[in-house]
Amino acid sequence: MAFSIEATDPCKKADLTRLSKILRTREELDAFDVTSEGWQQALQRRYRTHKDMKGILNHVEDVDMAIYHHFDMRVTPYLAQLMDRDDPNCPIRKQYMPFQREVNVRPYEVADSLAEDHDMQDGSSVVHRYPNRALFLVTTSCGTYCRFCTRKRLVSHGESAVNKQQLERGISYLKAHSEIEDCLLSGGDPLLLNDRQLEGILSQIRAGAPHIKFLRIGSRLPAQLPTRITPELCAIIERYEVQMVNVHVNHPKEITPLFAERIKMLRKTGTMIGNQSVLLKGVNDDVATLRDLCMGLVTCGIRPYYCYSCDVAEGNHDYQLTLDRILKLYRALRGFISGPAVPTFVVDGTGGLGKMPIIPEYVRELANGEIWATNFKGKVQRMINLEARTLEQ
Ligand code: SF4
């Protein structure tokens, strides 16, 4: 069966009916069962401005409507249900509700701090930076827009999708570059594409680029609208042997029974499931929250993979943490929770430097050649079994 590449944004069609579908009061929202309808119908119920949320949340910050020229707002009814009605510091609200300070862009907050545009290839949306890996941006839309997004320059803005020509050029680029063994579909959110669109892309990659051994999808939709994980989607993941799905969960509150149930369904496809979190001030920058998050993820069968320091992007300063704070958080995980639950902490270097681990120095060599190690409790001990003078005897 042949599949063509479509770049149609399903959300545009939804515009016509969405106004009548928004759940206006908290009572209506709380009574809503997200599993009672399909994921695309639920997307039509998304809230689009802070004013839309006033019937369901108290103490909503009044932001200038011009903020949405800079970066859209979308909130699925499922996420709105997770938001605390009264607390503006609720970790779900802090990730998704716009705030006026985000338009106070600081001089260092450039739009494309990771220089991804520089590494986009041949008019496509493939970012090819590492020797054997490529990032393929297949849409610029997401289920819900995270206020700290790295790709604000690309995503949202009227739900415009990556165009068909870029997708076709991207597929051609992947086919022509046999050194690419690992391809990550990202965006935007690839799972916002409908099944036919997604299958069109995966089938062409699998048919035309057999050198791609490791095919991955990065998506936040499972945490924003778990009903996106359907038997039909799972069949596609299995059919095209997508070896890894990376979800994006930042707070234990996002690990709901529905999320866990749909992740279980996804695991049956045989794909690995990883999580990429972002360290965010006021959301997850405390030890108890991070421990609960990491243990909650492994309990669902998700391997915490990366924990990013918040990238530089326009208006992200309120979320960022110092290196000292990040190291303290890491030290509070290693040794205190299960080993597989400890993610690699990373910083994505500005200017296209790439990802680099942020790890405290547990083992160090002194100028005299002695090697000393510090364990998770702070106990210090010499490790003569690692010293060159011992091994060279
Ligand atoms: S889901 Fe990802 S790409 Fe979309 S807004 Fe959030 S961080 Fe950005």
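Scroll up for the structure.
Residues numbered from 1 in each chain as written. Predicted model: local features only at pLDDT ≥ 70, side-chain atom pairs only at ≥ 80, totals over all residues. Heavy atoms only, no water.

Looking now at the overall build of the protein. A count of helices and strands for the protein gives 14 helices and 12 strands. In terms of C-alpha radius of gyration, the protein reaches 22 Å, essentially the compact-globule figure of 21 Å for 393 residues. Along the three orthogonal principal directions, the C-alpha set of the protein runs to about 75 × 50 × 45 Å. By the burial criterion, 55% of the 393 residues in the protein qualify as buried. Across the protein, every contact between residues at least 6 apart in sequence was considered, and the portion connecting residues at least 24 apart equals 77%. Accessible area of the protein: about 17000 Å², with a carbon and sulfur share of 52%. In the protein, 51 positive and 49 negative side-chain charges are present, and the distance between their average locations comes to 2 Å. (Helix = DSSP H or I, 4+ residues; strand = E, 2+ residues; numbered from the N terminus. Rg over C-alpha atoms; globule rule 2.2 N^0.38 Å. Buried < 20%, exposed > 50% of the residue type's maximum accessible area, 1.4 Å probe, protein only. Contact = heavy atoms within 4.5 Å. Areas by Shrake-Rupley, 256 points an atom, 1.4 Å probe, with all protein chains shown as cover. Lys, Arg positive; Asp, Glu negative; His and termini not counted. Charge placed at Lys NZ, Arg CZ, Asp CG, Glu CD.)

Let us now look at the nonpolar core. Membership of the largest hydrophobic core comes to 96 residues, with the highest contact counts inside it found for Y47, M53, F136, L185, I205 and F345. Summarising the domain contributions, this core has at least three residues from each of domain 1 (12-103) and domain 2 (117-357). (Core = buried A, V, L, I, M, F, W, Y, C linked by side-chain atoms within 4.5 Å. Domains from an automatic or database assignment.)

Another point: the site of the ligand. As a matter of local geometry, the ligand sits amid C142, Y145, C146, C149, G188 and R220. Most atoms of the ligand, that is more than half of them, are within 2 Å of grid points of the largest pocket. Its residues placed into classes, the shell around the ligand shows 4 nonpolar, 1 polar and 1 charged. (Near = heavy atom within 4 Å. 1 Å grid on protein atoms, 1.4 Å probe; cavity = no way out; pocket = protein on both sides within 12 Å on 5 of 7 lines; lining within 4 Å. Sits in = over half its atoms within 2 Å of the grid points. Nonpolar A, V, L, I, M, F, W, Y, C, P; charged D, E, K, R; others polar.)

Note the cis peptide between G187 and G188, where omega equals 20°. Within the secondary structure, G188 sits in the loop between β3 (182-186) and α8 (195-208). With a phi close to 60°, H59 is a non-glycine residue in the positive phi region. Structurally, H59 can be placed in the loop between α3 (39-43) and α4 (67-70). The class of H59 is exposed, set by a relative accessible area of 58%. Positive phi values are uncommon outside glycine, yet D122 reaches one of about 50°. The topology assignment puts D122 in the loop between α6 (91-96) and β1 (126-127). With a relative accessible area of 55%, D122 lands in the exposed category.

We now examine the pattern of salt bridges. Summed over the entire model, instances satisfying the criterion amount to 23 salt bridges. Of the charged contacts, one joins D52 and R24 as a salt bridge, the two residues approaching to 3.8 Å between their closest N and O atoms. Of the two residues, D52 is situated in the loop between α3 and α4 and R24 in the loop between α1 (10-21) and α2 (26-31); the sequence distance between them amounts to 28 residues. R220 serves as the salt-bridge partner of E254, at 2.9 Å between the closest nitrogen and oxygen. Taken together, the residues E254 in the loop between β5 (244-247) and α11 (257-267) and R220 in the loop between β4 (214-218) and α9 (221-224) connect sequence positions 34 residues apart. Grouping residues by exposure puts E254 and R220 together as buried. If you follow the salt bridges from partner to partner, you end up with D112, E116, D117, R151 and R153 in one network. (Salt bridge = Lys/Arg side-chain N within 4 Å of Asp/Glu carboxyl O.)

Moving on to the side chain of T289. Relative to the assigned elements, T289 resides in helix α12 (residues 287-299). Classification of T289 by relative accessible area gives buried; the value is 12%.

We now examine the side chain of Q95. Secondary-structure assignment places Q95 in helix α6. Among the residues examined, Q95 registers a relative accessible area of 0% and is labelled buried.

So, on to the sheet that holds strand β7 (residues 303-309). Taken in spatial order, the 9 strands of this open sheet run β1-β2-β3-β4-β5-β6-β7-β8-β9, and their pairing is mixed. Lying at the two open borders of the sheet, with one neighbouring strand each, are β1 and β9 (354-357). Two strands pair when backbone bridges link them, and strand β8 (residues 344-349) and β9 are joined in this way by 4 bridges, in the antiparallel orientation. The residue of β9 that forms the bridge with G349 is G354. Its contacts with the sheet place helix α13 (residues 323-333) against β6 (272-279), β7 and β8, and it is angled at close to 155° to β8. (Pairing = 2+ DSSP bridges. Axes fitted to C-alpha atoms, helices over the stretch in contact; angles between N-to-C directions.)

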